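The residues making up each chain are set out below.
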Amino acid sequence: MGTNSLYYSIIIACFSVVLGQVREQLGFYYVFFYKMNLSIYKTHYRETIRLGVPIMLGQLGIIIVGFADNIMVGQHSDIELSAASFVNNFFNLVFICGMGFSYGLTPLIGGAYISGDYKKAGVTLKNSLLLNFCVGVLLSLIMLLLLIRIDIFRQPEELLPYIIPYYTLQLFSVIVGMLFNSFKQFSEGTTDTLTPMWIMLTANVVNIIGNYVLIYGHFGAPELGLMGAGISTLGSRILTLLLFILLFCYRSKYRKYLDGFKKGKINWGNLSNLVRLGTPLGFQMGVESASFSLSVIMMGWLGAHELAAHQIVGVITTLGFMVYYGIGAAVTIRVSGYKEQRDNRNIRLASFAGLHIILLIAVVVMLFVFVTRNYIGYLFTTNEEIVSMVALLCYSVILYQVGDGLQILFANALRGIDDVKYMAYMAFICHFGMALPIGYLCGFTLGWGAFGVWCGFPVSLTVLGLLLWRRFNRLTV
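Residues numbered from 1 in each chain as written. Predicted model: local features only at pLDDT ≥ 70, side-chain atom pairs only at ≥ 80, totals over all residues. Heavy atoms only, no water.

A. Representation of the layout of surface pockets within the structure. For the largest pocket, the calculated volume is near 360 Å³. Every residue lining the largest pocket is counted, 18 residues in all, and those nearest its centre are Leu93, Val94, Cys97, Leu139 and Ile142. Every element with two or more residues in the lining of the largest pocket is listed here: α3 (78-102), α5 (118-148) and α11 (268-302). Across the lining of the largest pocket, the residue classes break down as 14 nonpolar, 4 polar and no charged. What the second largest pocket holds in volume is close to 290 Å³. At the level of elements, α4 (105-115), α5, α11 and α12 (304-340) are the ones that each hand at least two residues to the lining of the second largest pocket. At 5 residues, α4 tops the list of elements feeding residues into the lining of the second largest pocket. (1 Å grid on protein atoms, 1.4 Å probe; cavity = no way out; pocket = protein on both sides within 12 Å on 5 of 7 lines; lining within 4 Å. Points joined across faces, edges and corners; volume = space filled by probe spheres on them. Helix = DSSP H or I, 4+ residues; strand = E, 2+ residues; numbered from the N terminus. Nonpolar A, V, L, I, M, F, W, Y, C, P; charged D, E, K, R; others polar.)

See below:
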């Protein structure tokens, strides 16, 4: 068998896996679309939206900042946009992995909240802060080692003077971000999703203003370009942590948790539960982010323009991811409460209500990306080659929206019932066994370039979504 024939066989085999999973679910699809009684979901729709919309808005605030950062940096220079693409893709991996690790706190806080054990919730938060601080230090050290050996990634020489200082600034954000994650997941576990939303939106406004001042040198400030964006981002992240600390210490809503927080002790029982739940979740989200972040290395092999297009499309695709995450996080909060009450029926109803909402949002995102694909690149750059490449990559984004929504929803539903190991294993297989190999084969062996590098994502995300769906059905029917 020739080399090309072997590659085509591998790709066909991957698509066969997708079709096999679809065929296995056909009977359930029939029930889902034709036999469900939507009236029984009304309460669940309302509660999921009530909890999920503030989370969604907070995450959309992050997207707006991502857009603003890249638009402002891109308008300053294309080479700085390419450097930002390289650095941000690596640190997105770290931040998402750390965020996933902190997710282990939500179901524990949710269970304590439902049972009225506020002291336990306060103690658990205290343990989470210590653990997240340690994880933040570890992740920072790992990223520092990568900075020392930045040459192994073989990025264009002209990018290094921009990459190194911007990368250094991002290092300081990791520990701050991990501590903020503890407070955020604690607040969401108590069904207070509005406080994190307002904190994040406030910090995002500060970040955009800081970008305007420091990137271009307005109001007497020096014109720092990409460095200015890095300083502004770091400052806004420190602000989110300080605001949450002040609110937790002085806001009456949190007073009932303070006694447990102050008097509670660091203990192995709490720490082990957080590690048991958080590690698979951090790994699951980390390997997904890694598949995108490692793709940036391949894009760097193709050239600076491909790297810039990858960064722009990466910002665009987080639109769907963050919105889906808002609904998924709401499902986790609700499912963890029903698990505490051993209410299996409502676990399923709450989860599938979230699925209905996510599928509707996925259609909206797909239409938005399709309609704007030829123009959205101009928000970031005037370079016609980059804009055309962005339009081409948008087709891959459109193809994987439903799969992305599925895997986020059922990963969060499984998180709510404390079943986290399976999703970690499957995420590794799908992202490293499918997304990256297919991307390399299509991008380089078959010569499809930047579009080929993105070809693996629709396959990996769809397969993962269907696998997690099947797992949830088996555990809750």
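B. Looking closely at α12. Along its 37 residues, α12 runs 51 Å from first to last C-alpha, staying within 8% of the 54 Å computed at 1.5 Å per residue. In the structure, α12 departs most strongly from a straight axis at Thr318, where the bend amounts to approximately 25 degrees. Of the residues one or two after α12, Arg342 is the one with positive phi, at around 60 degrees. (Expected span 1.5 Å × (residues − 1). Bend = angle between axes of the 7 residues up to and from the residue.)

C. Here's a closer look at empty space enclosed by the protein. One pass over the full model with this rule turns up 3 cavities of 30 Å³ or more. Space inside the second largest cavity adds up to approximately 120 Å³. Taken together, 13 residues form the lining of the second largest cavity, with Tyr103, Gln284, Met285, Ala411 and Asn412 sitting closest to its centre. Sorting the residues of the lining of the second largest cavity by element identifies α11, α12 and α15 (401-416) as the ones contributing at least two each.

D. Molecular detail of the packing of helix α7 (residues 173-189) against helix α8 (residues 194-216). At a minimum axis separation of 8 Å, α7 and α8 run at an interaxial angle of 145 degrees. Across the interface between the two elements, Phe180, Lys184, Ser187 and Glu188 of α7 pack against Thr195, Pro196, Ile199 and Met200 of α8. When the residues that make up the contact of α7 with α8 are grouped by side-chain class, the tally is 4 nonpolar, 2 polar and 2 charged. (Axes fitted to C-alpha atoms, helices over the stretch in contact; angles between N-to-C directions. Contact = heavy atoms within 4.5 Å.)

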